[in-house]
Amino acid sequence: MDLNGKLTDTTVLVVDDVAASRYAMGTVLRRAGHQVIPVATGQQALVELDVRLRKGILPDVALVDIDLPDMSGFELCRRLKERPHMAGLPVVHFSAAAVAPVDRCQGLDAGAETYLTVPAEPEEIEAVVRSAVRTARLRADDQALVRRLTLLSQAIVTIQAARSLQELADAAADGTARLIGGPAAVFVLGPDDELYRGISRDRTSLALPDAGAHRTVAALLRRLTRGQAGVQITTVPAPLWPAGFFRPGIQHDARLALVLTQDGQAPVCLATPTRGVRRVNPEEEALVAQLAQATALAAEPLLMYQVERHVALTLQHSFLPQPHRLPELPGIDVGVRYVPASRETEIGGDFYAALRTDEGVLTAVGDVVGHSLEAATVMVEIRHALRAYCVEESGPAVLAERLDRMLQHYHPDVTATVCLVLIDPETGRTRIANAGHIPPLILRTTGDAEYAKADGPLLGLGLPHPPPTELFLEPGDRLLMVTDGLIETRGTDLSLSMEQLRSAAVGALPGLDALCDTLLACFGHDREDDIAMLALQLRSTDN
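Please read all numbers here as calculations on a predicted model, not as lab measurements.

S.K.: Is there a simple way to explain the environment of Ser 153 in this structure?
M.R.: Secondary-structure assignment places Ser 153 in helix 5 (residues 122–160). Put simply, Ser 153 and Leu 291 are 138 residues apart on the chain and 8.8 Å apart in space, counted from C-alpha to C-alpha. Side-chain polar atoms of Ser 153 contact the backbone oxygen of Thr 150, separated by 2.8 Å.

Spelled out as structure tokens, the structure:
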């Protein structure tokens, strides 16, 4: 555009079978500062446009005579508009012959912008070209804005659905890359300076930056966000920014980082390359800033939940005795396993216990319903209550009743499952009280395996519990207790999963460690819930 507001350096396709008319029209347009592509027929125009489309240099506007030798100007316009990559090319029909209004409407219906009667004054021709080009560019800008806003909304929806900080960083990186049409990297700096990084999918996974590069980024983010709040747009020179986040092993002259700090919380950075690759325009900056803000808002609850998860896991590991710290139990060997859920956002209340009592050995496996810090703390209370109750009372059914009343009194909105097993090591007499839990699996030395017929209502409902189930274990027999996190799968009936567990247990090698390790290998991968497992075996009297 020149100083007078006129469009210049535009390219005009002139389609006219009369050589003199093509020359005259081309002369007027060239004097106005436009480049001209003269062709004589509709077919030549289509061929020329196909060639230019492959090169990415389509003209800005097409002036098309209505009376062409091979097809009408209306038909040529219709064919252009039917091609997706040419539909945005503005078309102006012209004719030196008189054209009825109904025929002009035919051209508009075909997708043309306007109609020009020739001969016409040069100023009128130039004004028509300017109007058509401006209208087309405004329409293209509007379409691009709609597309970007759609991409922005899609990215925000995906970001808000993220269940972990890593999922969040990956979703934000892909959303940023689609929004700007180029590579992007996203960083979330946690409260303990733990850096979560997401790289757009168009970036190969080969030659990713090393740990030193991530430490450099973390230090840079801390400096940029010190004493800042809100959205900050910062250009970082290449020497200060490690190579390889956008292209393997390549260091760009500068990168654009969008950093957000909310009330001293962890910053979120959306980074894109600038010099040497592409430049971000102000409108694009505003959209990326909105995406950064949405990413930071989605990160806040995940960061809080991460702290909560850390506290819950600390509680679980602190109060669940490790295998080497289990008490010495007379006449019985015990093996335990505890595996936190693979999903970062899942915190369960699974627990196990093995206690000496006046009547023998009491073992328990349970699960507080829900996934939260509250579930973990209630789990601790149940374990402590069980330890206190069994000092004076060992009967599993009585203990289940007492735990049920305790839960109703202190946590009326919480329920839990638990299976309690009391074993007399000298006789093998085993009493089982089950409150809504998977019953124990009995593995006999004969090779048979079956679930104990023990059931009852969940803890916390206030319903009466049935008498304990009684059976006898022989030396060498194994009893297995698990939480449903080991085998429960969405869409699969629990009875089927229990049968698969029974079959896998039968095929395990002798010994408690072999049994536990076999079951974890079969079922313990990518579980959505915690896994607690306790296996015991009556020692032979010869030992």
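The structure having been displayed, the exposition proceeds.
S.K.: Can you help me understand the packing of helix 1 (residues 19–31) against helix 5 in this one?
M.R.: Geometry of a packed helix pair, given as the angle between the helix axes and the separation of the axes. Remark: helix 1 packs on helix 5, axes separated minimally by 10 Å, with the N-to-C direction vectors making an angle of 75 degrees. When the interaxial angle is binned, helix 1 and helix 5 end up roughly perpendicular. Where helix 1 abuts helix 5, its residues Met 25, Val 28 and Leu 29 lie against Pro 122, Ile 125 and Val 129. Among the residues making up the contact of helix 1 with helix 5, the classes are represented as six nonpolar, no polar and no charged.

S.K.: Which parts of the structure should I look at to understand helix 11 (residues 494–506)?
M.R.: The periodicity of an α-helix, 3.6 residues per turn, causes residues three or four positions apart to be oriented the same way. Given a rise of 1.5 Å per residue, 13 residues ought to cover 18 Å, and the 18 Å separating the end C-alpha atoms of helix 11 matches this to within 8%. Inspection of helix 11 places Ser 497, Met 498, Leu 501, Ala 504 and Ala 505 among the buried residues, and these make up the whole buried set. When helix 11 is viewed along its axis, its buried side chains cluster within an angular range of 125 degrees and face the same direction. Taken together, the buried residues of helix 11 touch strand 16 (441–443), strand 17 (449–451), strand 19 (478–482) and helix 12 (512–523).

S.K.: Sorry if this is basic, but what is going on with the packing of aromatic side chains here?
M.R.: Two measures describe an aromatic ring pair: the distance that separates the ring centres and the angle between the ring planes. Scanning all chains against the criterion turns up zero aromatic pairs. Lying across the ring of Tyr 389, Arg 402 places its NZ or CZ 5.9 Å from the centre.

Reading the values: rules and limits
Every chain is numbered independently, its residues counted from 1 as its sequence is written. Selection of residues for local features in this predicted model requires a pLDDT of at least 70, selection of side-chain atom pairs for listing and counting requires 80 or more, and totals for whole chains, interfaces and linings are taken over all residues. Hydrogens and water molecules were not included; the side-chain quantities draw on all heavy atoms of the structure. Strands here are runs of E lasting at least two residues and helices are runs of H or I lasting at least four, both read from the DSSP assignment and numbered beginning at the N terminus. Polar contacts, as used here, are pairs of N or O atoms within 3.5 Å; protein pairs need one atom able to donate a hydrogen and one able to accept it. Residues neighboring in sequence count only if both atoms are side-chain atoms. Orientation is described by axes fitted as lines to C-alpha atoms, over the contacting stretch for helices, and by angles from 0 to 180 degrees between their N-to-C directions. Here roughly perpendicular refers to angles of 65 to 115 degrees, roughly parallel to angles under 35, roughly antiparallel to angles over 145, and oblique to all remaining angles. In this description, contact between two residues means that some pair of their heavy atoms is separated by no more than 4.5 Å. When residues are sorted by character, Ala, Val, Leu, Ile, Met, Phe, Trp, Tyr, Cys and Pro go into the nonpolar class, Asp, Glu, Lys and Arg into the charged class, and all the rest, Gly among them, into the polar class. Any helix carries an expected span of 1.5 Å times its number of residues minus one. Exposed residues in this analysis have more than 50% of their type's maximum accessible area, buried residues have under 20%, and partly exposed residues fall in between, with area computed by a 1.4 Å probe over protein chains only. Read the arc as the range of directions from the helix axis to the C-beta atoms. Paired rings are identified among Phe, Tyr and Trp, the last through its six-membered ring, by centres lying within 6.5 Å, and are further divided according to the angle between planes into stacked (under 30 degrees), edge-to-face (over 60) and tilted (the rest). A ring is considered to have a charge above it if a Lys NZ or an Arg CZ atom is located within 6 Å of its centre and within 35 degrees of its normal.

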